[in-house]
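# Remarks on the overall topology
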Amino acid sequence: MTAIRRIAHLDMDAFFASVELLRFPQLKGLPVVIGGGRRRADELLRERFTGLPLSEIPPDAFPVLKDYVGRGVITTATYPARQFGVGSAMGMMKAARLCPQAIVLPVDFEEVRRFSRLFKGTIAEIAPVIEDRGIDEVYVDFTEVPSGQLEGGRVLARRIQQAIFERTGLTCSIGVAPNKLIAKMASEFDKPNGISVVYPEDVQARIWPLPVRKINGIGPKAEAKLAKLHLHAIGDIAAQERGWLIDNFGQAYGGWMHDAAWGRDERPVVTYSEPVSMSRETTFERDLHAVRDRAELGAIFTHLCEQVAGDLRRKGYVGKTIGIKLRFEDFRTATRDHTIPDFTSDPAMIRRIAGQCLKRVDLSRRLRLLGVRVGKLAKAETAQAATGGGESASAHRVAEPAPGERTLDLF
Ligand code: DCP
Ligand code: MG
């Protein structure tokens, strides 16, 4: 008997917020949002409550949204906070009007990464075929795992959920389906701490009524265009002729959309892939300003470029796309990149192109993080064979900044 394909998508519940609640269990059940602030909440509170265990600090001693002033945005919110309409990407001042009593805690990236590794490691002990999809989500192929077929995958999903909870104290939601596309949608069906099992014959009843945006790959632009064509639900797409969708959205995207609406997706769960990029980033001790701290920033920037170049050379890669990442004091993140004609691992070239990318960003706000990335990688020996070796030093034009934006000249 050949096994029936069963793919799970697992996504942690209110991940950054749940990690904070492990430290502050007294806040369980309360509306809590994550955002703003660069100092760890425990450090701030410890100053006021010296000697008291963190878990005994009274909830009313924590900072709340109504006292927040600034331009920060919410990274995530606990489910009790979501009941007030507060959610990720919302401005904190706006959220304060909806839920003034919500407690505000900053992100602790180190802690979040530690728990990310921990929950993924826990899954790997139970089901080895895992595709990493970011800090708080993975696909897992249940097909060949013993017990992976029981109750359509529900038994294994429950085991994984329990193991993660025992190891970390965190909850997650899991969707199990015939493929990645449907599994991704299904993991949202019963959040938080839920398991949803979808069979091929359920597509019509459970997938077609959903709005088109629920398909991973239909973004705001495609949604707007579909709306103009009076297609709002996934079933509306499924009801169209494939050829009509191709006429309107192009061969590849229109065809993909038709398949997706019918729940067809053959993408494998990819456990290992060649690195797509290499990057180095650093969070500053204190927020730095592009003009006032120019020398310090410039030195850090050069060092990051040298580090990335070193990583590439050590591992035998070269890349074509050079990019930067900035995180501002209000926690917003900006990225810019530029693709050059020839592969490189030269620190000076990386520095020059990354510097040009930096000029495309408005740098009037202070920075808390700077990163440099090289993507579109190839193995150094393959790339050299393809381009005849050597690195081009030709000038690369990069888009100019928008008028009125303050950019950094020295870079
Ligand atoms: N995150 C982020 N920036 C975003 C979106 C999310 O930093 N634009 C972070 C915060 C989240 C984490 O990534 O805690 C995971 O993102 P999810 O979309 O899975 O959101 P949550 O896990 O917080 O909530 P849910 O229970 O809906 O999955
Ligand atoms: Mg999540």
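Residues numbered from 1 in each chain as written. Chains lettered and ligands numbered in written order. Predicted model: local features only at pLDDT ≥ 70, side-chain atom pairs only at ≥ 80, totals over all residues.

## A look at unusual backbone geometry
Put simply, the rule reads: Strands here are runs of E lasting at least two residues and helices are runs of H or I lasting at least four, both read from the DSSP assignment and numbered beginning at the N terminus.
The omega torsion of the bond from Lys191 to Pro192 falls at -10 degrees, within 30 degrees of zero and hence cis. When you line up the elements, Pro192 lands in the loop between α7 (180-186) and β8 (195-197). You will see that Phe331, though not glycine, has its phi angle at about 75 degrees, which is positive. For Phe331, the position within the fold is in the loop between β10 (317-328) and β11 (333-344).

## Brief notes about the UniProt feature "active site" (unreviewed entry) in the protein chain
Using the following cut-off: UniProt positions are given in the numbering used here, feature names are shortened, and annotations may be inferred rather than shown by experiment. Each residue gets a C-beta atom placed from its backbone, and two residues are in contact if those atoms lie within 7 Å.
The sites that carry the UniProt feature "active site" (unreviewed entry) are, in the present numbering, Glu137. Within the fold, Glu137 resides in strand β6 (residues 137-141). Not counting residues up to four positions away in its chain, the partners in contact with Glu137 are His9, Leu10 and Asp11.

## Details of the pairing of β10
Short version of the rule: Comment: burial labels come from other C-beta atoms within 10 Å of the residue's own C-beta, placed from the backbone, where a count of 20 or more is buried, 12 or fewer is exposed, and between is partly exposed. One bridge is not enough; two strands pair if DSSP finds at least two bridges between them.
In terms of burial, β10 is a largely internal element, nine of the twelve residues being buried. Examined bridge by bridge, β10 and β11 share eight bridges and lie antiparallel to one another. Looking across to β11, one finds that Thr321 is bridged to Thr339. Linking two consecutive strands that pair antiparallel, namely β10 and β11, is a turn of four residues; a positive phi of about 75 degrees is found at Phe331 within it.

## Quick word on the packing of helix α13 (residues 294-315) against helix α14 (residues 347-358)
Put simply, the rule is: Helix axes are fitted only over the stretch in contact, all axes being lines through C-alpha atoms; the angle between N-to-C directions runs from 0 to 180 degrees. Put simply, angles under 35 degrees are roughly parallel, angles over 145 are roughly antiparallel, angles from 65 to 115 are roughly perpendicular, and the rest are oblique. Less than a right angle of anticlockwise turn of the near helix away from the far helix marks a crossing as left-handed, whereas a clockwise turn marks it as right-handed. Under this grouping Gly is polar, as are all residues other than the nonpolar Ala, Val, Leu, Ile, Met, Phe, Trp, Tyr, Cys and Pro and the charged Asp, Glu, Lys and Arg.
Where α13 meets α14, the axes come as close as 8 Å, and the angle between the chain directions of the two elements is 130 degrees. On the basis of their axis angle, the class for α13 and α14 is oblique. α13 and α14 meet at a crossing whose hand is right-handed. Contact with α13, carried on its side by Thr302, Cys305, Glu306, Val308 and Ala309, involves Pro347, Ile350, Arg351 and Ala354 of α14 and no other residues of that element. Tallied by class, the residues present in the contact of α13 with α14 amount to six nonpolar, one polar and two charged.

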